[in-house]
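Summary of the model geometry
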Amino acid sequence: MRIRYVVAAAIAALCPWPAFAGPACADLVLVDADIRTLDDDLPRARALAAIGARIVAIGDEAAVRPLACDATRVVDAGGRLVLPGFNDSHVHFMDGGQALSSVDLRDAGSQAEFAQRIAAFVARLPAGTWVLNGNWDHERWTPNDLPTRALIDAVTPDHPVFVQRLDGHMGLANSRALALAGIDRDTPDPQGGEIVRDADGEPTGVLKDDAMDAVFAAIPERSFAESLEVAQAATDHAASVGVTSVQDMGPASPGVYQELLRQGRLKTRIYAVSPLGDYTRWVRAGVRAAFGDPMLRVGGLKGFSDGSLGSTTAWFFAPYLDAPGSTGLALEQAQHHPDQVAGADAAGLQVMVHAIGDRANHETLGVFERVARAHGARDRRFRIEHAQHLNKALIRRFAEAGVIASVQPYHAIDDGRWAHKRLDEARLAGTYPFRSMLDAGVSLALGTDWAVAPLDPMLTVHAAVTRATLDGLHPEGWFPAEKLTVEEAVRAYTVGSAHAEFQEHDKGTLAPGMLADFVVWSQDIYAIPPASIPGTRALMTVVGGRVVHEVPEFGGSNGSGQ
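Definitions and limits used
Residues numbered from 1 in each chain as written. Predicted model: local features only at pLDDT ≥ 70, side-chain atom pairs only at ≥ 80, totals over all residues. Heavy atoms only, no water. Disulfide = S-S within 2.5 Å. Helix = DSSP H or I, 4+ residues; strand = E, 2+ residues; numbered from the N terminus. Buried < 20%, exposed > 50% of the residue type's maximum accessible area, 1.4 Å probe, protein only. Axes fitted to C-alpha atoms, helices over the stretch in contact; angles between N-to-C directions. Parallel < 35°, antiparallel > 145°, perpendicular 65-115°, else oblique. Left-handed = near helix turned anticlockwise from the far one by under 90°. Contact = heavy atoms within 4.5 Å. Nonpolar A, V, L, I, M, F, W, Y, C, P; charged D, E, K, R; others polar. Pairing = 2+ DSSP bridges. Phe/Tyr/Trp six-rings, centres within 6.5 Å; stacked < 30°, edge-to-face > 60°. Lys NZ or Arg CZ within 6 Å of the ring centre and 35° of its normal. Salt bridge = Lys/Arg side-chain N within 4 Å of Asp/Glu carboxyl O. Polar contact = N/O pair within 3.5 Å; in protein donor to acceptor, adjacent residues only side chain to side chain. Core = buried A, V, L, I, M, F, W, Y, C linked by side-chain atoms within 4.5 Å. Lys, Arg positive; Asp, Glu negative; His and termini not counted.

1. What about the state of the cysteines?
What the rule picks out here adds up to one disulfide. A sulfur-sulfur distance of 2.4 Å marks the disulfide that ties C25 to C69. Highlighted residues: C25 in the loop between α1 (8-14) and β2 (26-31) and C69 in strand β7 (residues 68-76), separated in sequence by 44 residues. C25 gets classed as partly exposed once you look at its relative accessible area, which sits at 24%.

Structure follows, in structure tokens:
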């Protein structure tokens, strides 16, 4: 087997000089591993060595092991699969961390269970404490009516409640939360939002998209100490499931992440993205492109064009089947995108826009195309987040414009349970078209949208490979022609996601000079039946050569180079 090394001069550049007073001594050596490097020059390897945060050698075990000294930690993978660390291209990191300790409504099977879980949760809280997150899904209920504040008011008299649907584009407020937000029957619908009302015109408590802003404004800000706890929970969880990098779509907290990093407790590389409307702040500061270090970078900008399919706020050309009077919502900020994207791009900043419906994707692509023509060719890497409901013409435009599609396969197997109620067959045929986009030359970056969907990358890989819906009704796949292979899904989740954040020269592959971010997995997902992929666990997660997660039963390290 071939082996690749970083030359001595490059090693010296990666590590402090004293480490090279004698022969190179690795800090970490991995042996007896089935390494899928995703590096075309050396796709498979059995061992690797890292000095500091970087890989210095990879290939045959006999050639790598001599880099182990007495102080080297040697990890014996026992022949298990090793992959580059997964890079989730779209998360809401603080929301995910908060959700870990919030009421869990995701799998509540009825309105009664929904209310019971909230009642049990608030019984443990001091009076006046807000109840947030929840991630409920009314499509699990029969009938699948939206919840109302009347459902929970009696059990939450002393607590303001605002629990969101799992897509984050609709939430239920109890009467106390509505009062704190100043919402009553006379409150008009804001542009880009909807206050759902009953037959008498009274707010039911359900707020859609921009209508949620009034409640968000009433929620007290977390203290810095509380935010540190939330971020710590998030980074611990990411490490436990084999996610080594995330692209945080906000609300980002770079100061909190910076403090965790200073304390040595940050286990996840973070690209913290700001709202698109904040581009003027970066321009005034003279920032051009993202900046920071490999653990924490800022400078990306994200906007919203529409809502979500589940909340009937995704923006389409044609009406919804189950809401024939609506084509969804163009969010208020979408009207500012032409100027904002142009201003951000002129400053060299990366722009990404949330677009789900076909109309939203059409309009967003149009903005990107016009700005690119006006400013000329450069490596700008515009992104559309979600890119869910497309057609052949839109896919072609993605490819021609070089727009990255940041997609979440788990949403496909979730939405596939009920999307037929919203969309006709013609539109469904272009839903989550991963294979069509890849075949057309569109660059894919995979992620989860955590906490909207679970952060576990094996659930995402399984969804991309099988498209088997969560209700079990499509075991061979919902629109199976759009499946990806395991290799394609993993590559889009590592190489593709690194490319989506301008980091392909540092991560996404395992090769000399690259960051030593890798995971030892309990099963070989390339060899097992696809249905078994969700049972695959991260046995050891390594970020920058540092072990940040290790299950006790793994026993893969002898702690010695000898």
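2. Notes on the packing of helix α11 (residues 358-375) against helix α12 (residues 392-401)
Direction vectors running N to C along α11 and α12 enclose 25 degrees, while the axes themselves pass 11 Å from each other. What the angle tells us is that α11 and α12 run roughly parallel. Crossing of α11 against α12: the hand is left-handed. From α11, D358, N361, H362, L365, G366 and E369 reach across to α12, where they touch L394, R397, F398 and A401. Considering only residue class, the contact of α11 with α12 consists of four nonpolar, three polar and three charged.

3. Observations concerning the sheet that holds strand β24 (residues 538-543)
Strand order in this open sheet of six strands is β4-β3-β8-β23-β24-β25, and the pairing throughout is mixed. Of all the strands in the sheet, just β4 (44-45) and β25 (546-550) have a single pairing partner and so form its edges. Of the pairings in the sheet, the one linking β24 to β25 comprises four bridges and is antiparallel in character. Looking at the pairing, V543 lines up with R546 of β25.

4. Comments concerning unusual backbone geometry
Of the consecutive residues T142 and P143, the connecting peptide bond is found in the cis state with omega at -5 degrees. By the secondary structure assignment, P143 is in the loop between β10 (131-136) and β11 (161-165). A cis amide bond links W450 to the next residue, A451, at an omega of 15 degrees. Positionally, A451 belongs in the loop between β22 (444-446) and α16 (457-466). Backbone geometry places T312, a non-glycine residue, at a positive phi of 50 degrees. Within the chain, R467 stands out as a residue other than glycine whose phi angle is a positive 50 degrees. Summarising the element assignment, R467 is placed in the loop between α16 and α17 (486-500).

5. Observations concerning the packing of aromatic side chains
A ring pair, where both rings are aromatic, is described by two values, the distance of the centres and the angle of the planes. For the structure shown, the criterion picks out 14 aromatic pairs. On the basis of an interplanar angle of 75 degrees and a centroid distance of 6.0 Å, the ring pair of W282 and F291 is categorised as edge-to-face. Given the relative accessible area of 10%, W282 is considered buried. One aromatic cluster in this structure is built from Y432, F434, W478 and F479. Over the aromatic face of Y526 sits the side chain of R36, whose NZ or CZ is 3.7 Å from the ring centroid. Geometry around Y271 places R297 over its ring, the cationic atom sitting 4.5 Å from the centre.

6. A few points about the pattern of salt bridges
Within the structure shown, the criterion is met by 37 salt bridges. For R417, the salt bridge identified is with D137, shortest N-O distance 2.4 Å. Taken as a pair, R417 in the loop between α13 (409-415) and α14 (425-428) and D137 in the loop between β10 and β11 lie far apart in primary sequence, 280 residues in all. For R417, a relative accessible area of 14% translates into the label buried. Overall, the relative accessible area of 1% leaves D137 in the buried class. The shortest N-O distance in the salt bridge between E194 and K208 comes to 4.0 Å. Residue E194 is located in strand β13 (residues 193-197), and its partner K208 is located in strand β14 (residues 203-209); the two are separated by 14 residues in the primary sequence. Several salt bridges share partner residues, and in doing so they unite D137, R165, D167, D414 and R417 into one network.

7. Regarding the environment of T37
Topologically, T37 is positioned in the loop between β3 (34-36) and β4. The spacing of T37 and M352 is 315 residues in sequence and 28 Å in space, taken between C-alpha atoms. Setting aside residues no more than four positions away along its own chain, T37 makes contact with L42, P43, R44, A45, I58, P84, T509 and L510. Here L42 takes part through its backbone oxygen, which lies 2.5 Å from a polar atom of the side chain of T37.

8. Structural notes on the sheet that holds β11
What holds strands together in a sheet is hydrogen bonding between their backbones, with the strands either parallel or antiparallel. If you trace the five strands from one edge of the open sheet to the other, you get β10-β11-β12-β14-β13, paired in mixed fashion. Every other strand in the sheet has two partners, leaving β10 and β13 as the edge strands with one partner each. Going across the sheet, the axis of each strand differs from the next one's by a mean of 25 degrees, ignoring polarity. Strand direction decides the pairing type here: strand β12 (residues 170-173) and β14, joined by three bridges, are antiparallel. The residue of β14 that forms the bridge with L172 is V206.

9. Looking at the nonpolar core
Core analysis: the largest hydrophobic core is formed by 91 residues, its most contacted members being F93, F398, M437, L444 and I525. Per element, the largest residue contribution to this core is six residues, and it comes from helix α7 (residues 224-240). Contacts of L444, omitting those with residues within four sequence positions, involve A405, V407, F434, M437, L438, L484, A492 and G496. Core analysis: the next-biggest nonpolar cluster, separate from the first, contains 22 residues, L42, A45, I55 and M540 among them.

10. Brief notes about the side chain of D248
Tracing the chain through its elements places D248 in strand β15 (residues 243-248). Salt bridges are absent for the buried D248, whose nearest opposite-charge side chain, K302, sits at 8.8 Å. Polar side-chain contacts of D248 include one of 3.1 Å to the backbone nitrogen of G250. With near-sequence residues (within four places) excluded, D248 lies in contact with V91, H92, F93, S253, Y257, I270, Y271, A272 and V273.

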